[in-house]
Amino acid sequence: KGWGSFTVSASPTMIANYPASGVSCAKIGTGSYTVTHAVTVASANFAGAVSVEDATACIAQIGARGTTTLNILFFDAGGVAVDPDVGHYIILGDLA
């Protein structure tokens, strides 16, 4: 129901996303980003997946979820929060 890619920086920029409008990403802190999407799902218990592009080993995981938000967390292999180059996400759930 929604997907996107964004640059990871102090001011994240959406590279591509669906839906095409109404999607934004905000940096919460090192390695923590919240995507707000224009698709409202019926419950915060939607299925989702995240991935990362970076020159070094990096882990991406889903943090908190809401019906219009998804928190994405990034860590290095030692578990330390890091900011990779690009983050990707998908959300799958019943629409509200």
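Residues numbered from 1 in each chain as written. Predicted model: local features only at pLDDT ≥ 70, side-chain atom pairs only at ≥ 80, totals over all residues. Heavy atoms only, no water.

**Q** Quick question: what am I supposed to make of the sheet that holds strand β7 (residues 69-75) here?
**A** Two modes of strand pairing occur in sheets, parallel and antiparallel, and in both the strands are linked by backbone hydrogen bonds. In spatial order, the strands read β3-β4-β7-β6; together these four strands make up an open sheet with antiparallel pairing. Of all strands in the sheet, those bounded by a partner on one side alone are β3 (24-29) and β6 (59-65). The mean angle between the axes of side-by-side strands here comes to 25°, regardless of whether they run parallel or antiparallel. (Pairing = 2+ DSSP bridges. Helix = DSSP H or I, 4+ residues; strand = E, 2+ residues; numbered from the N terminus. Axes fitted to C-alpha atoms, helices over the stretch in contact; angles between N-to-C directions.)

**Q** Please clarify how the side chain of His88 should be interpreted in this entry.
**A** Note that His88 resides in strand β8 (residues 86-92). Setting aside residues no more than four positions away along its own chain, His88 makes contact with Gly4, Ser5, Phe6, Ala49, Val50, Ser51, Val52 and Glu53. (Contact = heavy atoms within 4.5 Å.)

**Q** How do you make sense of the environment of Met14 when you look at a structure like this?
**A** Mapping Met14 onto the fold places it in strand β2 (residues 13-18). Counting along the chain gives 74 residues from Met14 to His88, while the straight-line C-alpha distance between them is 9.8 Å. For Met14, the contacting residues outside a window of four places in its chain are Gly4, Ser5, Phe6, Val23, Ser24, Cys25 and Tyr89.

**Q** Just to check I follow, could you spell out the environment of Leu92 for this structure?
**A** Of note, Leu92 is situated in strand β8. Accessibility expressed as a relative area gives 48% for Leu92, which makes it partly exposed. Taking the C-alpha atoms as reference points, Leu92 and Lys1, 91 residues apart in sequence, are found 5.3 Å from one another. Leaving out residues up to four positions away in the same chain, Leu92 has contacts with Lys1, Phe46 and Ala47. (Buried < 20%, exposed > 50% of the residue type's maximum accessible area, 1.4 Å probe, protein only.)

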